[in-house]
Amino acid sequence: MEKILITGANGLLGQKLVSLLANDSQYSVLATARGACRFNLPNNTSYQSLDITDADACAATISEFQPDAIFHAGAMTQVDACEDERELCDSINIDGVANLIQAIGDAQIHFVHISTDFIFDGIADEYDENSAAKPLSYYGLSKWKSEQLFQEVSFPYTILRTVLVYGVLEDLSRSNIILWAKGALEKKQQINVVDDQFRCPTLAEDLAWACLASYRKKATGIYNLSGKEFLSILELVKRVAQYWDLDASLIKSVKTADLNQKAQRPPKTNLCIDKAMRDLAYKPKSFNEGLALVDHQLKNLKPLQ
């Protein structure tokens, strides 16, 4: 039986990782996050509260559980909040990773780390794994610094850079652009949506699958992981309206500058995923397939026990 430790298990990716590994007798899973568990625990999974900013707690958890792999899904990802609360951002996105690395030491634990397209400036037409990092926001900078922590480690690691992850949490405690747009349009609310930012939206299930594939295939180094459709945020939201037959006339096109957001966003982050498709056999679902899965999950949510 292989032992998998998941951080940030209450978050979207964390919950999808738990679901992916659920009830598989090949794995013993320890799901961790700050605070109480916010999802239904499968038979092969236990839950433990863990604050990754506490170095002693990280060391004790890893020493006691002795995992074969760590899927690090915990992070501070609210871009504007990171701009305002830089010390908190650093403590979670940089120091938290350093604490886990230190706790692993020389043990041969495969570490799968999640990074972001926001390490790029969004000027190039496409970014591969060797493209130069030029983060525009403090969030992007913190994730770039977290990547650099792996340069001198002695254990196997995989860094997965991803884009605009969407999906459904069991407790619906956090939203994402898909759920936000769907919810607002269902309430007949007019929404402002930027037409000058472009992304490859990533289904959370696809990202979770890639985490496990990285470990199973012993793939190390950096991989870009995203959906395969490059869409403006405006087109993305219009596709949401179309899928659920909602009133697209409520969608108002605006420019990024009109929103006066604290943090600067890269205008376009088209990640080349050829390496992941080749090495990991990564096959992301189409955006419509992703919306269909979201729809199915929303209709079949189980109450938390």
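Everything that follows concerns the structure shown earlier in this document.
Residues numbered from 1 in each chain as written. Predicted model: local features only at pLDDT ≥ 70, side-chain atom pairs only at ≥ 80, totals over all residues. Heavy atoms only, no water.

S.K.: Can you explain helix 8 (residues 233-243)? Please cite residues and give values.
M.R.: Within the span of helix 8, buried status applies to Ile233, Leu234, Leu236, Val237, Arg239, Val240 and Ala241. In the core, the buried residues of helix 8 are packed alongside helix 6 (177-186), strand 8 (191-194), strand 9 (198-199), strand 12 (231-232), strand 13 (251-254) and helix 11 (287-299). The positive-phi residue at the C-terminal boundary of helix 8 is aspartate 245, with phi of around 55 degrees. (Buried < 20%, exposed > 50% of the residue type's maximum accessible area, 1.4 Å probe, protein only. Helix = DSSP H or I, 4+ residues; strand = E, 2+ residues; numbered from the N terminus. Contact = heavy atoms within 4.5 Å.)

S.K.: Give a description of unusual backbone geometry that names residues and reports values.
M.R.: Positive phi outside glycine occurs at asparagine 23, with the angle close to 60 degrees. Note on placement: asparagine 23 falls in the loop between helix 1 (12-21) and strand 2 (27-33). Phi is positive for lysine 188, close to 60 degrees, though the residue is something other than glycine. Examined against the element boundaries, lysine 188 turns out to sit in the loop between helix 6 and strand 8. On the accessibility criterion, lysine 188 (63% relative accessible area) is exposed.

S.K.: Quick rundown of the sheet that holds strand 3 (residues 45-49)? Include the residues and the values.
M.R.: Within the open sheet, the 7 strands sit side by side as 3-2-1-4-5-6-11. Their pairing is parallel. A single partner strand is all that each edge strand has here, and the edge strands are strand 3 and strand 11 (221-225). The average angle at which neighbouring strand axes cross in this sheet is 20 degrees, direction not considered. Relative to strand 3, strand 2 runs parallel, the two being bridged by 5 bridges. Across the sheet, residue threonine 32 finds its bridge partner in strand 3, namely glutamine 48. Relative to the sheet, helix 5 (residues 138-148) contacts strand 5 (110-116), strand 6 (157-162) and strand 11, its axis offset from that of strand 5 by approximately 155 degrees. (Pairing = 2+ DSSP bridges. Axes fitted to C-alpha atoms, helices over the stretch in contact; angles between N-to-C directions.)

S.K.: Provide a residue-level description of the packing of aromatic side chains, including the pertinent values.
M.R.: Inspection of every chain in the model, using the stated rule, returns 10 aromatic pairs. Aromatic side chains phenylalanine 198 and phenylalanine 230 sit 5.9 Å apart centroid to centroid with 35 degrees between the ring planes, which places their arrangement in the tilted category. Of this pair, phenylalanine 198 sits in strand 9 while phenylalanine 230 sits in the loop between strand 11 and strand 12, and the two are 32 residues apart along the sequence. Classification of phenylalanine 230 as partly exposed rests on a relative accessible area of 33%. Measuring from centroid to centroid gives 5.0 Å for tyrosine 243 and tryptophan 244, while their planes differ by 75 degrees, and the two rings are edge-to-face. Under the relative-accessibility criterion, tyrosine 243 is labelled partly exposed at 31%. Overall, tryptophan 244 belongs to the buried group, its relative accessible area being 13%. Every member of this aromatic cluster is reached through a ring pair, and the members are Phe111, Phe150, Phe155 and Tyr157. (Phe/Tyr/Trp six-rings, centres within 6.5 Å; stacked < 30°, edge-to-face > 60°.)

S.K.: Let's hear about the environment of glutamine 102: which residues, and what values?
M.R.: Tracing the sequence through the fold places glutamine 102 in helix 4 (residues 86-104). For glutamine 102, a relative accessible area of 62% translates into the label exposed. A sequence separation of 47 residues divides glutamine 102 from alanine 55, and the C-alpha atoms of the two residues are 8.2 Å apart.

S.K.: How would you summarise the pattern of salt bridges if you had to cite specific residues and measurements?
M.R.: A complete count under the given rule lists 14 salt bridges for this structure. A salt bridge links arginine 86 to glutamate 83, with the shortest nitrogen-to-oxygen separation between them at 3.0 Å. Note on glutamate 83: relative accessible area 18%, which makes it buried. Aspartate 195 is the partner of lysine 255 in a salt bridge, and the nearest nitrogen-oxygen pair spans 3.1 Å. Here lysine 255 is found in the loop between strand 13 and helix 9 (256-259), whereas its partner aspartate 195 is found in the loop between strand 8 and strand 9, with 60 residues between them in sequence. When its relative accessible area of 43% is taken as the criterion, lysine 255 is described as partly exposed. (Salt bridge = Lys/Arg side-chain N within 4 Å of Asp/Glu carboxyl O.)

S.K.: Run through the side chain of serine 115, naming residues and quoting values.
M.R.: Here serine 115 shows up in strand 5. Classification of serine 115 as buried rests on a relative accessible area of 2%. In terms of polar contacts, serine 115 uses its side chain to reach the side chain of glutamate 147, at 2.6 Å. Those residues in contact with serine 115 that sit more than four places away from it in its chain are Lys143, Glu147, Ile159, Leu160, Arg161 and Thr162. (Polar contact = N/O pair within 3.5 Å; in protein donor to acceptor, adjacent residues only side chain to side chain.)

S.K.: Hey, could you go over the packing of helix 1 against helix 7 (residues 204-216) for me, with residue numbers and the actual values?
M.R.: Where helix 1 contacts helix 7, the axes come no closer than 9 Å and their chain directions differ by 60 degrees. For the crossing formed where helix 1 meets helix 7, the hand is right-handed. Residues Leu12, Leu13, Lys16, Leu17, Leu20 and Leu21 of helix 1 lie in contact with helix 7, whose contacting residues are Ala204, Glu205, Leu207, Ala208, Trp209, Cys211 and Leu212. (Left-handed = near helix turned anticlockwise from the far one by under 90°.)

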